[in-house]
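# Topology and contacts: notes
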Amino acid sequence: MTSQNADDFRLTVLNPGGRDSEQHFNNGVAPGEGEHPPINFHAYAACTRGAYHYDTRRAIAEETPVLLLLRGEFRASERALAELKKHQRKVVVSLKETGLHQIAQQLCDRGKLSRFMRILAQADGCIASTPEAAEIYQRTRWEHNPTTVAFIPTPYPVEDRRWNFSVPPDEPTGIFVGTRECDVPSRNHFAALLVARQLCEATGEPVTVVNLDGYRARRLLWELKFPHEKFCLIEEEKSYPDYLRIVARHKLVLQLDRSHVPGQVAGDALLTRTVCVGGDGAIERIAFQKTCGDGRGINEIASIALDLLKNAESRALIVAESQQLALERLSFQAVRLLLANFFAQFANANDT
């Protein structure tokens, strides 16, 4: 399918019974507009100028192909699939939470696993926001054509000037710690904080950490004994644009996440034109190949971060490379074409 034909493709994302409001992306969305920013699963709808729904009947009324999200106990998703197929909609599915630890937590219950197997067998296909999730879907659908499962990364509007949150190159300072969950082992948040403290001591660069878990988590952070004048703690929820403005003020984003998630931390770095160091999310592995954590130990990541904090030219080169890779593989235009081509196989099947 050509890029011109892909411009006509529209996708509806359905999260049955979810908490996010109905949202239409017919005219795109600027920062601060709409109920939800065009990231994560909303981005699949946004990049095709489609819609995001929680009500199945409203999704059916769109008369477009549907990406059905699986969440909770999967019961609402299974009912939605039956209703969508009754109305002859083309339906592909995806788990809403796709980190490896999240997939394991969801599928360790027998009832949920049974529903998961039925849903994947009955759906037309699967879209995975990580390569690892795609492998799980393919092995679950072993009797189906392997082309009906695809890894399609969550897109970011890097080609839209409105979503360029960069600041002048002489303004950024310090390290922004991208993770915030101390109680999820694969996030390695505590280890990332230790690396950040070490880098702070070696370079004098300040460190910014987000804590939305209150006093208990704050006490843990105090035990790390960051220099008071070099430590900034953010403890209030921010709008997504305001959050990006904070990230943009830093020389780099640091994490040691090993959860194989879609990679929003790296996506945020793309929108802020910041270097992302560490982490093994899908976006990191595509856009930040020289600084991601895939195949790298903690010492190597710390060394990379130290060099980048000291060398503005090296940071600029990484940012330029990440932007080029993002335009080619992660932009709204690039992912819209991937989605259109993926769904075209189901339309062609009806013609044969």
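Residues numbered from 1 in each chain as written. Predicted model: local features only at pLDDT ≥ 70, side-chain atom pairs only at ≥ 80, totals over all residues. Heavy atoms only, no water.

This brings us to unusual backbone geometry. Look at Asn 40: it is not a glycine, yet its phi comes out positive at around 55°. By the secondary structure assignment, Asn 40 is in helix H2 (residues 40-47). (Helix = DSSP H or I, 4+ residues; strand = E, 2+ residues; numbered from the N terminus.)

In this section: the environment of Ile 304. Tracing the backbone shows Ile 304 in helix H13 (residues 298-310). Judged by its relative accessible area of 18%, Ile 304 is buried. For Ile 304 and Cys 292, which are 12 residues apart along the polypeptide, the C-alpha to C-alpha distance reads 9.7 Å. Setting aside chain neighbours within four positions, we find Ile 304 in contact with Val 277, Lys 290, Thr 291 and Arg 296. (Buried < 20%, exposed > 50% of the residue type's maximum accessible area, 1.4 Å probe, protein only. Contact = heavy atoms within 4.5 Å.)

Attention shifts here to the packing of aromatic side chains. For the structure on display, the rule yields 12 aromatic pairs. Between Trp 163 and Phe 165, the ring centres sit 6.1 Å apart and the planes meet at 50°, which makes this aromatic pair tilted. For Trp 163, a relative accessible area of 1% corresponds to the buried category. Where Phe 226 meets Phe 231, the ring centres are 4.6 Å apart and the plane angle is 15°; that geometry is what we call stacked. Take Phe 226: its relative accessible area is 10%, and that puts it in the buried class. Each residue in the set Phe 9, Phe 342, Phe 343 and Phe 346 is aromatic and connected to the rest through ring pairs, giving one cluster. In this structure, Lys 112 is placed above the aromatic ring of Phe 74, and the distance from its NZ or CZ to the ring centre is 5.3 Å. (Phe/Tyr/Trp six-rings, centres within 6.5 Å; stacked < 30°, edge-to-face > 60°. Lys NZ or Arg CZ within 6 Å of the ring centre and 35° of its normal.)

For the rest of this paragraph, the subject is the packing of helix H10 (residues 240-248) against helix H11 (residues 264-272). Axis separation between H10 and H11 bottoms out at 9 Å; the angle between their running directions is 75°. Between H10 and H11, the crossing angle belongs to the class labelled roughly perpendicular. Across the interface between the two elements, Tyr 240, Tyr 243, Leu 244, Val 247 and Ala 248 of H10 pack against Gln 264, Asp 268, Leu 271 and Thr 272 of H11. Along the lines of polarity and charge, the residues of the contact of H10 with H11 split into six nonpolar, two polar and one charged. (Axes fitted to C-alpha atoms, helices over the stretch in contact; angles between N-to-C directions. Parallel < 35°, antiparallel > 145°, perpendicular 65-115°, else oblique. Nonpolar A, V, L, I, M, F, W, Y, C, P; charged D, E, K, R; others polar.)

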